[in-house]
Amino acid sequence: MSLYKKLFKQTAIYGLATVVPRLMSFLLNPLYVYYLTDKSKMGEVSIIFSYLIFFNVVLTYGMETAFFRFYNQESNKKSVVSTAMISLLGSTLAFLAVALLFQNQIANLTDISVNYLVYTIWILVIDTLVVIPFAKLRAESQPIKYAVIKIANVAINLGLNIFFLVFLPKIAQNTNSFFSSVYTENFQIGYIFVSNVIASLFTLIVLLPDYFKIKWDFDKQLWKKMLKYGFPILIAGIAFAINEHFDKILLEKLGVSLADIGAYSACYKIGMFMVLFRTAYTLGIEPFFFSHAKNENAPQTYAEITKYFVIFGSFMSLGIIVFADVLKLVLVPNADYWNAMDVVPMIVIANFFLGIYTNLSVWYKLIDKTKIGAYISLVGAAVTLIINFLLIPIIGFLGSAIATILAYGSMMLISYKLGQKEYPIPYDKQKIGFYLLLSVVLSCLSFYVPILRETYVFGIVSLLIFAYFVYRNEKALILRILKRKEY
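A. How the structure looks around the overall build of the protein chain. The secondary structure content of the protein chain amounts to 23 helices and zero strands. Taking 487 residues into account, the globule formula puts the C-alpha radius of gyration at 23 Å, and the protein chain, at 23 Å, falls close to it. Counting only C-alpha atoms, the protein chain reaches 70 × 65 × 45 Å along its principal axes. Considering the protein chain as a whole, with its 487 residues, one finds that 54% of them fall into the buried category. For the protein chain, restricting intrachain contacts to residue pairs at least 6 apart in sequence, the fraction spanning at least 24 positions comes to 84%. As displayed, the protein chain offers around 21600 Å² of accessible surface, 67% of which is attributable to carbon and sulfur atoms. One finds the centroid of the 41 positive side-chain charges in the protein chain at a distance of 9 Å from the centroid of its 27 negative side-chain charges.

B. Structural detail: the environment of Thr301. Here Thr301 lies in helix 15 (residues 298-322). Classification of Thr301 as buried rests on a relative accessible area of 6%. Distance in space between the C-alpha atoms of Thr301 and Pro143 is 23 Å, their sequence separation being 158 residues.

C. Just the packing of helix 5 (residues 103-110) against helix 6 (residues 114-129), in detail. Here helix 5 crosses helix 6 at 105°, and the two axes come no closer than 9 Å. If you check the angle between helix 5 and helix 6, you find them roughly perpendicular. In this structure, helix 5 contributes Gln103, Asn104, Ile106 and Ala107 to the contact, and helix 6 contributes Val114, Leu117 and Val118. Across the contact of helix 5 with helix 6, the residue classes tally to five nonpolar, two polar and no charged.

D. Focus on the pattern of salt bridges. In this structure the tally under the stated criterion is nine salt bridges. As a salt-bridge pair, Lys328 and Asp325 come within 3.4 Å of each other at their nearest N and O atoms. Taken as a pair, Lys328 and Asp325 lie in helix 16 (residues 324-331) at a separation of three residues, close to a single helical turn. Neither Lys328 nor Asp325 differs from the other in exposure class; each is buried.

Rules of the game
- Residues numbered from 1 in each chain as written.
- Predicted model: local features only at pLDDT ≥ 70, side-chain atom pairs only at ≥ 80, totals over all residues.
- Heavy atoms only, no water.
- Helix = DSSP H or I, 4+ residues; strand = E, 2+ residues; numbered from the N terminus.
- Rg over C-alpha atoms; globule rule 2.2 N^0.38 Å.
- Buried < 20%, exposed > 50% of the residue type's maximum accessible area, 1.4 Å probe, protein only.
- Contact = heavy atoms within 4.5 Å.
- Areas by Shrake-Rupley, 256 points an atom, 1.4 Å probe, with all protein chains shown as cover.
- Lys, Arg positive; Asp, Glu negative; His and termini not counted.
- Charge placed at Lys NZ, Arg CZ, Asp CG, Glu CD.
- Axes fitted to C-alpha atoms, helices over the stretch in contact; angles between N-to-C directions.
- Parallel < 35°, antiparallel > 145°, perpendicular 65-115°, else oblique.
- Nonpolar A, V, L, I, M, F, W, Y, C, P; charged D, E, K, R; others polar.
- Salt bridge = Lys/Arg side-chain N within 4 Å of Asp/Glu carboxyl O.

Nothing here speaks to function; it is all geometry.
Here it is as structure tokens:
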């Protein structure tokens, strides 16, 4: 039992560092919905953020995951740290020079205002420079420092967004002070990205000492091995960015209005509640998987962890969908945006599938066949692109939501099939399949059947039904946990 307690404790700590900033970020959604009354502006913001996430993957080129792998594998850990940091520093500065030089051409290609593009470039650069320092904190088991910096970053971003969007316009109108001289009318989108730049800069300043502590020892042979290991991660990351965020870009390219993209992006946030659980879990589980890879009972441990993830994830996804109409009052406080609410269950379930895929993908990382993960992600990206191109012209943003759930579902199934051949893990397929199917069926009934959605009776009963089956099937384990017995 101590093994699981250690995992849960580690997940909880990193979960705090993830969930709290995410919760703060969720506050930005109602802020934007309320103050960006023109939905097209919300659409523009979401498209720029999609580009941000896509190029963030490119700029890190799998180096973070490679860092974890070689930090645990190599005896000279300082060399791993310095090689990774020098690599990202050099490539990032090169990107900065090229991007600023060709900013006008990039702006024309992406249809992003040059002013907003410059902010985007600086956010990308600064965020890339702190990737390895953050990874180093995780590798050295410094979750408290990691959490404080992460939370401070988002708190600063949130605070500045509130100041620029809520208070600055009022202060500038009522006084002839410094604030009135710096205030620019109809510059809400610009202020959003200015806030991000300042918050990112704060994080870089805090972590900057790490660059002065390293010996600047660049191991060329180690670097080549890290690049080789990280390249499939890069491909998988690009594919993931396509699956997760490229839909906003495609919606615009395929003729969907910025207003509808704004509504889709706002309601999409409700579905992202599942990402809180999935991301916190991933941060805790990835180092755990690597550190326990050599244990004799590792496959059995992974199987048990996956089952528990499915149990908790199924219950959570069901709860989010049942109370989606309550969550929208808080996260999307503008009825003009609610025309996209039908995507919420699909996004929740899709992110749950992605979480299961994270569990199932451990095998190819442990046997150093990360290229298989890239292939699987490419299949998912292909599904995303094909379904988007087929359905967006017919049903608009609903096509993007369907593409997301089909992409992650296919990745989940493919990873399971291939994994059982290369690295057999004794998953409890019967129980996992039952919990997953029960959750999806109850979720769809409670949301898409109007008479059941009008009242929360069916939804609450669904949660009780699910809890009953979990207790009936896992009674022995639950009692052991409650009694805190070791086994």
